[in-house]
Amino acid sequence: MRWHAVRAAVARLAALTVLAAIVVAGGSARAAVSFDFRTGEGARGWTALNDLAPLTHGSEGMVARITGADPYLAGPARDYPEGTLWWLNLRLRSEVGGTGQVFHFREGRGPTEPDSVRFAVRAGDWVEVRVPLPALGAGYRLRLDPPGERGVCVVERLWIEERVRYADPEWPGAVAPEVGDGDPEVRSGEVRLVHGRGQWGGFAIEVAGRREAVGQSRPLLGYLSDGKARWWAFAEGTPAGVRGVGRGVESVLEAEDPDGGRWRWRQVFEPGRGDGVIRVRTTLSVDRERVVLHWMPLLVLTGMGEGSGKRQALLAGVEYLEDEPSSSEADLEGPQSRRQVPDTIKLTFPLAAVVRGERYVGLSWRMAPEVGVFFDSPDRVFGSGGHAMGLVVPGSDGTLRDEGSLVPYEGWRIPAGGTIEVEAELLGGRGTDGVAVVRHYARLNAWPEVPETGVALGDYARWMARGWLESGLREGDLYRHAVVGEFRPQPAADAAWWMEWLAGRVEEAGWASRLRTAAEGAWSRVEPAARHASGVGHVKTPVGALVAGGVADNAEHAIRRGWSLLRRFEGVGTVWYRPSPGGLDYGRTHWTNEASGLTAQVLVEVLEAAAFGGDRGLAAEGLRHLRGLEKFRGTVPRGAQTWEIPLHTPDILASAHLVRAYCLGYEWTGEAAFLEEARYWAWTGVPFVYLHPPTDGPVGLYATIPVLGATQWVAPNWIGLPVQWCGLVYADALQRLVRHDPDGPWERLADGIVASGIQQTYPETDPDYPGLLPDAFSLRAQQRNPANINPATLMVPAARHLGGGPVYDARRFGGHGVWVHAAGEIGEAREDADRFGFRVRGWAEGSHWVLMTGVYGPVTVRLDGDEVSWGGVHTHDRAAGRLIIEVRGQPRIEVESRR
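Treat the numbers as computed from the prediction; the structure is a model and nothing was measured. (Residues numbered from 1 in each chain as written. Predicted model: local features only at pLDDT ≥ 70, side-chain atom pairs only at ≥ 80, totals over all residues. Heavy atoms only, no water.)

A. Up close: the pairing of strand E19 (residues 241-245). Looking at chain direction, E19 and strand E20 (residues 248-256) are connected through 5 bridges and run antiparallel. Bridge assignment links Val 245 to a residue of E20, and that residue is Gly 248. Between the end of E19 and the start of E20, which pair antiparallel, lie 2 residues, with Gly 246 showing a positive phi angle near 60°. (Pairing = 2+ DSSP bridges. Helix = DSSP H or I, 4+ residues; strand = E, 2+ residues; numbered from the N terminus.)

Below you can see the structure in the form of C-alpha cells.
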C-alpha cells in the first residue's frame, strides 16, 4: 500500500448505478451544463492532457485511447449558479474497468485531490454514473481521468444537474423510557430487555444487572409529499400496543400520516440464537404509495446521560475506537471523515458495538440494499449524553446520501400495501474491549466458506513463474518490488529461492529450465552474508541462507542487525515515531508518539534475529521489550504503516506484527500470557476482513482492508478498498499461531485471505502483469489497481494453502533451549530429557541446510540413523551454540546430549 502519482490506485468509492427502488423527488432536475460528445460541438474545448492519444470523436462519443498510467483530459471553463449542489452524470464504456475520477476547479487554480469525485466502472459495458458534486461557481473546469492505464474509453455524454438537498429536521432529543415492574421483558443469558407499555421504542437493556442502553421513544418518519420532505413524529399521541408474547415482546403502532396514509409498525423482541442475544424483527407497511426519506427501524442509545466515555467502540470495517470520538479527522480529513451512515460496501460484516466499563452492547443485522447503519460515538444527533447506533432506511450506497447524514438525497419507494422488514440482533455481555464483541459475533455466525479458486499447485507454479520472468519485475538479474516507476530493480534472494521452488513444481521442463537459469543469475547479485534478509516481498524469512549456504555468516549478520534495531528503543517497549526531516508529521493526530504496530514491527525483527542467530542476550533484550508492550494490552492495533499513514490509524498490519511478536515470545519462553496476547491481537485483525460478501462479484469474501483511514489523511481513502498484501502478512502470522492454538478460527481465516489473494492476482493470461498482486482491488468495479506487486508476499502462505507445505519452518525445542530452522516443514517432532528429534520435509532439489541454535554442549547427531561427523559439511560451533547440518531430501534428524 503506497501513495503513487498513478491515479488508478485511488479508492473506488461510488456506485455504478442507483438502485431501481431509489427514486428522485418529484419534478425534473435543472441541468446546468451538458456535453454531448457524439457531436463536434459538444466535444469542443476538450483536450487530451496526459497519457492519452489525441482525442477523436465518432457516433458513439469521444474516444480516449490510453497510453500510460495516469491518463486525463480536461474541458472548457463553464459558469455554474452559485450556492447550488449538483449531480455529475456520465455515460461511458471502458475496455478496462477501474476508477474514474473527475476534478472540478477554477480556471487558473488547477485540480487538487479534495476537489474531485471518484466512481467505479466495470469493464466492457456501457454504464451510467451519477455522483454528487458540491456547489461550484463561475469559471469552473472539469478534468476527467478515465479508468485504467491502457485500452480505450468512449465517453458518450457528461451532464450536470441540480441536486436537491433536504434539510435535516430538528431531531427530537432522547428521553429515557418509562419502564417498571410488570412490564413485558425478554431475557437471554445476562441480557434483559424491558419494554415500557404504550411506548414505541421505549425499551431498556440491562447487561449483567446494569442498565446499559435504551431505545428512542420519540422517533421521526420522513417521507416525500409533492417533492417536499414531510416530517412526522408518528409515535406522539399514538400509544403502541405492547404485550408479552410467549418468551418475547410485541409492540404494534398504527397511525395516519398528515396526507391520509395508514401506516402500521410492528416490532418483535425474542431470545436469539444464543446467550446474550435478543432478536429484533421490525416491519413497516402503508396502504398508499409512499417514498420514505427517513425511517429508523431500530435505534439503541448506550450509556444515556453518562457522558462520552467508553473503553472501545467498533463498526466493522469503518471505525475501531478507544475512548475517542467516531467520525473524527485523526485518520481522514474533510467531509470524508463524517461516516455516521457509511456506504454499506465499507462494512466488512454487520456489527456495531460500544464497550463501557466491563460490559458491551452490540448490534448486528441482516444486510439489505434498503438498510444502512447509523453509528455515532458520542451521540451528537439525539443528545442522549451517550452513544448511538441503529439502522436506517433508505440505505447507503456511496451516492444516495452524504455518509455523515441521516437524510438522503433520494427516498425509498414503498408501493401501496407494501412492507419493509428489517431483522437485527442485539448482543450483550461482559468484556472490556471490541474483541469480546467480535468473538460473540463469531460464535453466532459460521465463518464463510473459503472462496474456490480452482487452482492446482502445478498450475499456480507456472502462473507465478510468469510473474517472476515475464511481468516487468525483472531487469537482468535484479528484481523490482513492484512494476511502477518509483521501484528500482535490486538484488533479491527471495526472487532466487522462489524461482528454485517453482522449478521443482512446474510441470513443463522448459519453464523449469528458465527458472533455474534466472535463479542462478539472481543469486549472483546477492551479497552472500545477506541471503537471509535480501528480498522484495513483504513476508521475510531466512530461507535464502538455508538453500544457498553461508548459514554461519548469515546468522552473524542477523545478530548484528538485531542489536542495531535495539537502538530504536527509547525505553522498555518504546519505539518513538519521528517524522522524516522535511516530511509530513504522521504523528500529529495521535495522542502519543508511539503505537503498538510501530513497536511490534521492530520487535519481530529482533526476536527472529535472536532465534536465527542464536544470541541469548539479544533474545533477553527482545523479550524484555516484549513485556513492555503490556501498555498496549486491550487497545486497538495502530501505526504500522507510517511511511504514508497517520500513526493513529487502526491497521491490520499492526495486528499481524503483534501476533507474530507474541508467538515468538511464547516460543522463546513457553509463557501462557504471551500466547493469550497473540490470540487477542489475532482477533483485532478480524474487523478488517470481509466476512460478508460486499457485492455480487466473485471477489469480496476474505478481502482485507489495510487501514481505517487515508494516505496523508486525504487519499486514497482505504476504507472499503482492499489491500491484500497487508492481509497476507496477517494470514502468515495466523498460520504460525495455528500451531499453538489449533482450536481457534485461524486456519480458516488464513486460508480465506490467501484464497482471496489468489482471486485478486492478475491472471496468467494478462499481457503485462501475470502473477502479480495488485496493490488494491476495487470491489464494485471488480478491478485490480496498480502498483502491481511481486508474487512473494502471496506465495509464502499460498504454498502451504495449496498443499506445497511451508517454504520455511522454525521450531523451538523448549526442554533443550534449541531453535531449529529449515527450508521446509519440521514435522514428527519429539523431545525428552536427553534428546530430541524431527523430520525435515525439505523442498530444495539439491543440498540444503538445517540450522540449530542454542546447542552449546556436546551432542551426537544422527542423520537418518547415521552418526554425523564434524569438520566437513556439518559444523558445530559450541561457543556460538550453532549447529549446521547439510542435508538432502527429507531426512530424519536425532540430537542426543552427551554428558
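B. Quick look at the confidence of the model for the protein. Across the protein, the average pLDDT comes to 94, with 96% of residues at 70 or higher. This stretch, residues 3-28, has a pLDDT under 50; its non-local contacts, to residues over four places away or in other chains, come to 95 contacts. (pLDDT = per-residue confidence, 0-100. Contact = heavy atoms within 4.5 Å.)

C. Just the environment of Val 796, in detail. Counting through the fold element by element, Val 796 comes out in helix H13 (residues 792-801). Each residue touching Val 796, except ones within four places of it in the same chain, is listed here: Trp 498, Val 539 and Asp 732.

D. Representation of the sheet that holds strand E36 (residues 783-789). Strand order in this open sheet of 3 strands is E34-E36-E35, and the pairing throughout is antiparallel. The sheet is open, and its two borders are formed by strand E34 (482-483) and strand E35 (773-778), each paired with just one other strand. Alignment of E34 against E36, held across 2 bridges, turns out to be antiparallel. Bridging across to E36, Ala 482 finds its partner in Ile 789.

E. Summary view of the packing of helix H6 (residues 551-566) against helix H7 (residues 596-613). For the pair H6 and H7, interaxial distance at closest approach is 8 Å and the crossing angle is 150°. Once H6 is placed against H7, the crossing between them reads as left-handed. Packed against H6, whose contacting residues are Asn 554, Ala 555, Ala 558, Ile 559, Arg 561, Gly 562, Leu 565 and Leu 566, the element H7 presents Val 602, Glu 605, Val 606, Ala 609, Phe 612 and Gly 613 at the interface. A breakdown of the residues in the contact of H6 with H7 according to their chemical character gives 9 nonpolar, 3 polar and 2 charged. (Axes fitted to C-alpha atoms, helices over the stretch in contact; angles between N-to-C directions. Left-handed = near helix turned anticlockwise from the far one by under 90°. Nonpolar A, V, L, I, M, F, W, Y, C, P; charged D, E, K, R; others polar.)

F. Quick peek at the sheet that holds strand E37 (residues 809-813). One open sheet accounts for 5 strands, arranged E37-E38-E41-E45-E44; its pairing is antiparallel. Two strands lie at the open edges of the sheet, namely E37 and strand E44 (875-877), each paired on one side alone. The average undirected angle you get between the axes of adjacent strands in this sheet is 15°. Relative to strand E38 (residues 818-822), E37 runs antiparallel, the two sharing 5 bridges. Bridge assignment links Arg 812 to a residue of E38, and that residue is Trp 819. Packed onto the sheet, H6 meets strand E41 (848-853) and strand E45 (882-887) and runs at close to 140° relative to E45.

G. Summary view of the pairing of strand E46 (residues 892-897). Across 5 bridges, the pairing between strand E40 (residues 835-842) and E46 is antiparallel. Bridging from a neighbouring strand, Arg 835 pairs with Glu 896 of E46. Pairing between strand E42 (residues 859-863) and E46: 5 bridges, direction antiparallel. If you follow Thr 860 over to E46, its bridge partner there is Glu 896.

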